[in-house]
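# Understanding the architecture of this molecule
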Amino acid sequence: MKKYITLLVFAIGSIVGLSAFMGDDDPFAALLKKLEEFSQKNPQEKVYLHLDKPYYAIGDDIWFKAYVTDRRTSLPSTISNILYVELINDRDSISRQIKIPMQSGITWGDFKLSDSLKEGNYRIRAYTQWMRNAGPAFFFDKTIKIGNGWTNNVFTKTEYKYSVANNQETVSTKLTLTNSSSNPYASTEVNYQVVLGNRKSGMTKAVTNASGEVLINVVNPTSNTTKSGYILANISLANGIKVTKRIPIKTTSPLIDVQFFPEGGNLVEGLPCKVAVKATNGSGLGEGVSGTVTDNEGVEVLSFETSDLGMGAFSLNPMSGKTYSAKVKFKNGETRDVALPKAQASGYVLAVNNLDSTKMNIKVMLSPDLLNKGTLNLLAQRNGRVLFAGKVPTAKQIATVVVPKTEFPSGIVQLTLFNEQNMPVSERLAFVNNTTDKINLDVQNLKPSYAKKGHIDLSLIATNNGKPLQGSFSVAVTNTNVVTPDLENESNILTSLLLSSDLKGYVERPNHYFLKNNVETKVALDHLLLTQGWRKIDWTAVTNSQMPATTFPAEKSMKISGLVTNNGKPVVKGKVSLLSSSKGIFATDTETDANGRFIFDQIAFNDSTKFAIKAITNTDHKGVKIIMDDLPPQLVTVNPNEPDVEPNINEILRSYLKQSADYFNEQESKGFLTRINQLQAVEIVTKANKAAPSSSNLNGPGEADEVFNADDMRNSPTLSQYLNGRALGVRIDNGKPYSARYDNLLMTVILDGVTIIDGQAGDASVSSSLDDIAITDVQSVEILRTIPRTTIYGHAGQNGVIIVTSKSGKAKTTFNTRAPGMLTYAPKGFYLVRQFYAPKYDVQKDQQKDYRPTTFWEPNLVSDASGKANLQYYNTDQSGTFRIVIEGFDADGNLARKVLTYTVN
C-alpha cells in the first residue's frame, strides 16, 4: 500500500510537479508511524480559563470557565474528568485550591477574595493530574493583579532608577505612601528589609518626608545571579496601626539582553538566511533597539531595527571564513557589540514565507558539499498530528515547496527537515490562522444604547462554515469605564489555545497578534516564532519508542484507594470499610485484592469531607496498617510570567478600587458581605505565663502572642472549636489553622516538639488536623503570629506557628495511631461552585445603587441544534461603554470569540 502526498517543488531554473509517495518500506514512513504511535500513546491536554475580568479587588469574586482540549486533535478533552485550579500569591504559595469535576473538557468555578488576603500579583494556575506527567511548563498559568481599596489604609507607589558602578547594581527606589484620598503620610516611620533570593538585608529605619516619600537603595553585586526580589516594609501609622507591605523588585539590572536567531537553526556559509533579533530588558519585557552588522574586517554589511516589542529580522548571506557581529544601539544612546552565531561550512537552511493566507512558500537550501547526497524529507506537524510530509531532492542547491494551508488547523505548525538518515537538520515554526475552524457568533437584538438598570435580551446564533452548531460558551459583561481592558495584553481563548500554550516562556502582549490580520501583524508574529520557538517533539524518543513515564494517572472519577498490610505483608481478601458522617451517614465496604490493594471508586464527595477507614483481617490485626495512595502535591514553580508583575497595583487600580470599595461597603451594610478581619491587629502580651513548662516553644515557654491553657479549654469538645473565634488572626477550616495575618495561608502546628502540620507543605498535602489531638490531653496552646515570635522557626514559621503542649508531654492523637487497622482520612473533595448573582429589575426598580464590578457572568451558555442561544441580564446603575465578551468551543474543537459593546447613558 502506498501513501500519496502531492506537493509542488520549484527547482531553480525550472518548475517540477512532484508526486511524493512513500511505501511501507520507506524508513521515513516508519518514522511517521512511530510519531503517530508516540502521540496517541502519550496524549497531552491544554487548559484555558476565561475570566470575568482582567484584574480584581479584595472583596471581589473571580469567576472562570475552563476549556480543556486534547493537544493533538484540538478536540475537547476526554482524557481527564477532574481539574485543579489554584490561586497563588506573590510568595509562590497556594492561597486557594479547588478541585472541580469536568465533562467533555468543560467546567467552571470561582474564588472569593476575602479580606484575609492581601493585595499583590497573584497567579491563577490550572491543570489536570495527567498534565503533571509533562511538567508545569504548559499548565495554564496567568498573573492577575489584585488590589485592595476596601480594607486598605496605605497606598504605595514606587519609582526606580538603575545604575551600575564598582561591580554593583543599584536601584534607587522612591517609595511614596498615601491614603485612599491620595493624601501623603508625612513623618511616618518605615522599617524595611530588602530580600533578593536568599539574601536578606538587616532592618533599616526611615521616616517619610512631607510628600510621604522615603528613598530606599537596593544594592546587588553584579556577580549575583538573582536579579529580582522584594522590599518588606513595616509602616507605623499615627493611630498605632502597623501595616506591612511587600513591594516587588522586578530587577536590579539595567542591562538589555540581545540575542540573534538564524532561521532554521544555523547560519551556513554561502546561503542567505533570515536572522531574527530579540532584545529584552531586566524585567523580561521587549526593548526597541537598532544597530548595524559588520564582518570581522570592520565592513558594515547591513542595518536593522526592532519593534517596540524588541523583535525584528534581517537577511544575511555569510561569506566563507568570515565572522559577524552587531553594534547594538539602545534608546539611551549607549552601544554594545554582540557576536552573531558563527556560520557553519556545511549545512541546510530552511526558509519560510508565511504571509500568504492560502499557502506557505518553503525554501530548502543546502551547501554545495551536500548536493546529490540522497533525498531529504520535509515534515509539517502540529503537536504530533502530521499535516504533510514530502520528499525534497538534493540535485539543486535550492528547492521551493508550495504547501496549501487552508485545510490546516489553526495554531503553530512545526516544520522539520530530515536528512537521508532521518535525522532532523533544520526546524522552523509557522502560524496558521484559518477561519474554517472558528465559530461565527451572530448576536441579534443588540441596541446601540440602553438605560441604567436596563434589560438586555439578546439572541445568539452560532455557525461554522455557514452551518448551525451546538456549542458551549461563557459570557462576561463589564463596564469599561470601571474595568478598563488592556486590548493588546489580554489573553483569550485564541491567544491561549492557539499560541502561548504551545510556546515555552513568556509571550508579551499576546493579543497584539490577533487584533489585526494585516501584513505587519503577520510579520510580527513570525518574528515571535523565530525567537521563541521550542521543540516539543523529542525525535530521539520517537525514534527509539521511548514513552515518557506516567507517574500521574488520568483522573476519570474520584477514588479512595490504598494498601493494607499486616506486619509488612499484604492482606489478601481483607475487609475494608469506608465511613463518613460529614454530610449525613455514609458507609460502604470492599475487599482487598491479591496484592492487598483496595479501591472505592463509585463515590463523589465535597471538600472538607472526613472519612474513617477500617481494615479487618481474620487473624491477629495488631500489625495491620493502612497506607493510602496519596499523590504528592504539585510544587509551585517560579512565576513564568514575571514580566507581568506590577509593583504599583493599588496605584494603577486606584479608580477601580475606589468604585469597588463603595460597592463592597454597600453590600456589607446589607449583610451580603462580611469581613474576616473585624478587629485591628494588636499585639497581645500575656501578664501571666500560662504555657506548660515543658512547652517546645523555641522562644521559651509563654513567649508567644497568645496563650491558652487547659482551664481555658475545659468546656470545649474539640481544639479547633475552641480556637476558632478566640485566637486572634487565626481561622480554622476542617481542623486546619490558617493565618489571616499572612494571606490566609496554612500555619505550622507543632505538638510536643513534633511538626504535625507543615505550613509550607501546601494545604493539599496535609491530612492531619487539630481535631486529631484529644483536647482533654492538652495543657497549653501558644499562638505565634508576629515576626519576633516566628523568626526563630525560619521558613516553617513564615505563616505563623501554633505550639501545642500535652499534659504528659506525649499527646494522644487520632492520626494513623488511633488503633491498628484504622485511619482518619480527609482527601481533597469537590468544590461547591457558587452561582453568579444577577439582580432583576423587571417588576419594580430597586432604588438602591447597583455598582456591580462585573455586570454579568454566565459560564454555561449552550446553543441548541439550530445554533441558537438566549442571553438576558440587567445593566448596573452606572453609565459608560459596556463590553460583552463571548468565548467557547464546540464538540469538533472549533473556537469562538466575540466582543461587542454598547453604551449606557
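Our subject in this report is the structure included herewith. (Residues numbered from 1 in each chain as written. Predicted model: local features only at pLDDT ≥ 70, side-chain atom pairs only at ≥ 80, totals over all residues. Heavy atoms only, no water.)

## A few points about the sheet that holds strand β5 (residues 61–70)
- Pairing in this open sheet of three strands is antiparallel, and the strands run β3-β5-β8 from one edge to the other. Bordering the open sheet on either side are β3 (45–51) and β8 (106–112), each of which pairs with just one other strand. Here the strands of the sheet are splayed against their neighbours by 25° on average, with no regard to which way each runs.
- In this structure, β3 lies alongside β5, joined through seven bridges in antiparallel fashion. Note that in β5 the partner of H50 across the bridge is K65. (Pairing = 2+ DSSP bridges. Helix = DSSP H or I, 4+ residues; strand = E, 2+ residues; numbered from the N terminus. Axes fitted to C-alpha atoms, helices over the stretch in contact; angles between N-to-C directions.)

## Let's talk about helix α6 (residues 654–669)
- Spanning 16 residues, α6 covers 22 Å between terminal C-alpha atoms, matching the ideal 22 Å at 1.5 Å per step.
- Taken together, the buried positions of α6 are occupied by R654, Y656, L657, S660, A661, Y663, F664, E666 and Q667.
- Residues of α6 that are buried in the fold lie against β4 (55–57), β10 (140–147), β11 (155–165), β12 (168–178) and α5 (649–652).
- Taken from the residues just after α6, G671 is the one with a positive phi, measuring 85°. (Expected span 1.5 Å × (residues − 1). Buried < 20%, exposed > 50% of the residue type's maximum accessible area, 1.4 Å probe, protein only. Contact = heavy atoms within 4.5 Å.)

## Considerations on helix α3 (residues 519–532)
- For α3, with 14 residues, the first-to-last C-alpha span of 20 Å sits near the 20 Å given by 1.5 Å per residue.
- Counting buried positions along α3 yields ten of 14 residues, so the element is predominantly enclosed.
- The complete set of buried residues in α3 reads T521, A524, L525, D526, H527, L528, L529, L530, T531 and Q532.
- Looking at the buried residues of α3, the elements they touch are β19 (257–262), β20 (273–280), β23 (311–316), β31 (411–418), β32 (424–432) and α2 (493–499).

## Some thoughts on the environment of E213
- Locating E213 in the fold gives a position in strand β16 (residues 213–221).
- Spatially, the C-alpha atom of E213 lies 5.5 Å from that of L175, the residues being 38 residues apart in sequence.
- Residue contacts for E213: discarding those within four places in its chain leaves K174, L175, T176, V207 and T208.

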